[in-house]
Amino acid sequence: MKSIIDGFDGTYNDLIDTVNGILDGSFKGWLAHTEDGDHVHVTPFNDLLEHEVDDDGSCVCGPTIEPAPRNNGSYGWSIIHHTLDGRESAES
Ligand SMILES: [Zn+2]
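Residues numbered from 1 in each chain as written. Predicted model: local features only at pLDDT ≥ 70, side-chain atom pairs only at ≥ 80, totals over all residues. Heavy atoms only, no water.

Student: Would you mind showing me how to read the overall build of the protein here?
Tutor: When helices and strands are tallied, the protein shows two helices and five strands. Counting from the amino terminus, the protein carries its helices and strands in the arrangement β-α-β-β-β-β-α. Counting every position in the protein, which comprises 92 residues, the buried fraction comes to 26%. At a minimum sequence separation of 6, the contacts of the protein that also span at least 24 residues come to 42%. If you sum the accessible surface of the protein, you get close to 6,100 Å²; carbon and sulfur atoms cover 54% of it. (Helix = DSSP H or I, 4+ residues; strand = E, 2+ residues; numbered from the N terminus. Buried < 20%, exposed > 50% of the residue type's maximum accessible area, 1.4 Å probe, protein only. Contact = heavy atoms within 4.5 Å. Areas by Shrake-Rupley, 256 points an atom, 1.4 Å probe, with all protein chains shown as cover.)

Structure (structure tokens):
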């Protein structure tokens, strides 16, 4: 399992802020996660529910599934989940 936390630019202070936010539940970033390398789930961190990431996108949030080109020319799938706390509309 590989996880990459999106939402900080790599500076030490931002990393500390991000870790503190994860610990206290205030971090509202997005997590990219793959089990098999073919399906990459993008899920909101600290959402109102746990998202289902171990199948082909049958999560209760109704994720958007899109083909995702790889560097070698083949395609995998990106599965973009939707928040239940409405943070997308707050960001736009
Ligand atoms: Zn979901």
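Student: Would you mind going over unusual backbone geometry with me for this structure?
Tutor: With the exception of glycine, the majority of residues adopt a negative phi angle, and the majority of peptide bonds are in the trans configuration. Notably, Asn46 is not glycine yet its phi reads approximately 60°, a positive angle. Its location among the elements puts Asn46 in the loop between β3 (39-44) and β4 (64-69).

Student: How should a negative patch on the surface be read in this particular structure?
Tutor: A grouping of Glu35, Asp36, Glu52, Asp54 and Asp56 is seen on the molecular surface, where their side chains present a negatively charged patch. Here Asp36 is to be found in the loop between β2 (30-34) and β3. (Patch = residues over 30% accessible without salt bridge, like charges linked within 9 Å, V, L, I, M, F, W, Y side chains within 5 Å. Salt bridge = Lys/Arg side-chain N within 4 Å of Asp/Glu carboxyl O. Lys, Arg positive; Asp, Glu negative; His and termini not counted. Charge placed at Lys NZ, Arg CZ, Asp CG, Glu CD.)

Student: Would you explain a nonpolar patch on the surface in this entry?
Tutor: Taken together, the side chains of Leu15, Val19 and Leu23 make up a nonpolar region of the molecular surface, amounting to roughly 280 Å² of accessible area. Summarising the element assignment, Leu15 is placed in helix α1 (residues 12-24). The exposure class of Leu15 is partly exposed, given its relative accessible area of 35%.

Student: Would you mind showing me how to read the coordination of the zinc ion here?
Tutor: Put simply, a metal with four donors set out as a tetrahedron has ideal angles of 109.5 degrees, and one with six donors set out as an octahedron has ideal angles of 90 or 180 degrees. Ligation of the zinc ion by protein atoms is provided by His51 (ND1), Cys59 (SG), Cys61 (SG) and His81 (ND1), these donors lying 2.0 to 2.3 Å from the ion. Along the chain, the residues that donate to the zinc ion are spaced as H-x7-C-x1-C-x19-H. Taken together, the residues span a long stretch of sequence, with Cys59 in the loop between β3 and β4 and His81 in the loop between β5 (75-80) and α2 (87-91) at a distance of 22 residues. Classification of Cys59 by relative accessible area gives buried; the value is 7%. (Donors = N, O, S within 2.8 Å, 3.2 Å for Na, K, Ca; no water.)

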